[in-house]
Amino acid sequence: QVQLVESGGGLVQAGGSLRLSCGVSGRTFSTLRMGWFRQAPGKEREFVASIRWSGANIYYADSVKGRFTVSRDNAKNAVDLQMDSLKAGDTAVYYCAAAGGDWATYDYWGQGTQVTVSS
C-alpha cells in the first residue's frame, strides 16, 4: 500500500511558477514509478510527468517539456513538480499517482490539488 498527499497548488499569474509536492508513505522501492497527471474542467485526465522512486527514468508530456521539472526529495520522502513559465492552459487539478513499475498501471492516487493560472 502507498499513500499519497499532494500540496502546493494555488493561484498564479501567467508566466509565474508553482511547486507541487507529493508526500509518500507506505511501501516504496526503487522501481516504484511516480506520476503527475492533471485534469482540466471538461477534459480527460492527462499525463504530465513521471519519475522512478530511484530518481531515474524521467518522462514529460510534450506540452510541459522545458517548463516543468519532476524530482525526488529524499528528505521529505516526496516527489516534487516544479512548474515554471505557467500558462492559462496549465489550469487543472493536479494528481500524484504511483505504479508498481514502468509498465504497471497507476493504482494509487492522491486527492488532487488545484492549480489556477490567470492570464
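Located above this text is the structure these notes cover.
Residues numbered from 1 in each chain as written. Predicted model: local features only at pLDDT ≥ 70, side-chain atom pairs only at ≥ 80, totals over all residues. Heavy atoms only, no water.

Turning our eyes to something else, we now look at the state of the cysteines. Scanning the entire structure with this criterion turns up one disulfide. Linked covalently through their sulfurs, Cys 22 and Cys 96 form a disulfide whose S-S length is 2.0 Å. Torsion about the S-S bond of the Cys 22 and Cys 96 cystine: about -75°, corresponding to left-handed handedness. Taken together, the residues Cys 22 in strand β3 (residues 18–26) and Cys 96 in strand β9 (residues 92–99) connect sequence positions 74 residues apart. Owing to a relative accessible area of 0%, Cys 96 belongs among the buried residues under this scheme. (Disulfide = S-S within 2.5 Å. Helix = DSSP H or I, 4+ residues; strand = E, 2+ residues; numbered from the N terminus. Buried < 20%, exposed > 50% of the residue type's maximum accessible area, 1.4 Å probe, protein only.)

Right, let's talk about the packing of aromatic side chains for a bit. Tallied over the entire structure, the rule returns four aromatic pairs. Measuring from ring centre to ring centre gives 5.0 Å for Phe 37 and Trp 109, while their planes differ by 55°; the resulting arrangement is tilted. Residue Phe 37 is located in strand β4 (residues 33–39), and its partner Trp 109 is located in strand β10 (residues 106–109); the two are separated by 72 residues in the primary sequence. Note on Phe 37: relative accessible area 11%, which makes it buried. Given the relative accessible area of 31%, Trp 109 is considered partly exposed. Members of the aromatic cluster, each reached through a chain of ring pairs, are Phe 37, Phe 47, Tyr 106 and Trp 109. (Phe/Tyr/Trp six-rings, centres within 6.5 Å; stacked < 30°, edge-to-face > 60°.)

Glancing now at the pattern of salt bridges. Evaluated as defined, the whole model comprises nine salt bridges. The residue Arg 33 makes a salt bridge to Asp 102 at a minimum N-O spacing of 2.8 Å. One end of the pair, Arg 33, is in strand β4; the other, Asp 102, is in the loop between β9 and β10, with 69 residues separating them in the sequence. A residue is classified by how much of its surface remains accessible, and Asp 102, at 27% relative accessible area, is partly exposed. Close ionic contact of Asp 73 with Lys 76 constitutes a salt bridge, the shortest N to O distance being 3.9 Å. Classification of Lys 76 as partly exposed rests on a relative accessible area of 47%. Within the structure, one salt-bridge network assembled from shared partners comprises Arg 19, Asp 73, Lys 76 and Asp 80. (Salt bridge = Lys/Arg side-chain N within 4 Å of Asp/Glu carboxyl O.)

That's the geometry; what it means functionally is another story.
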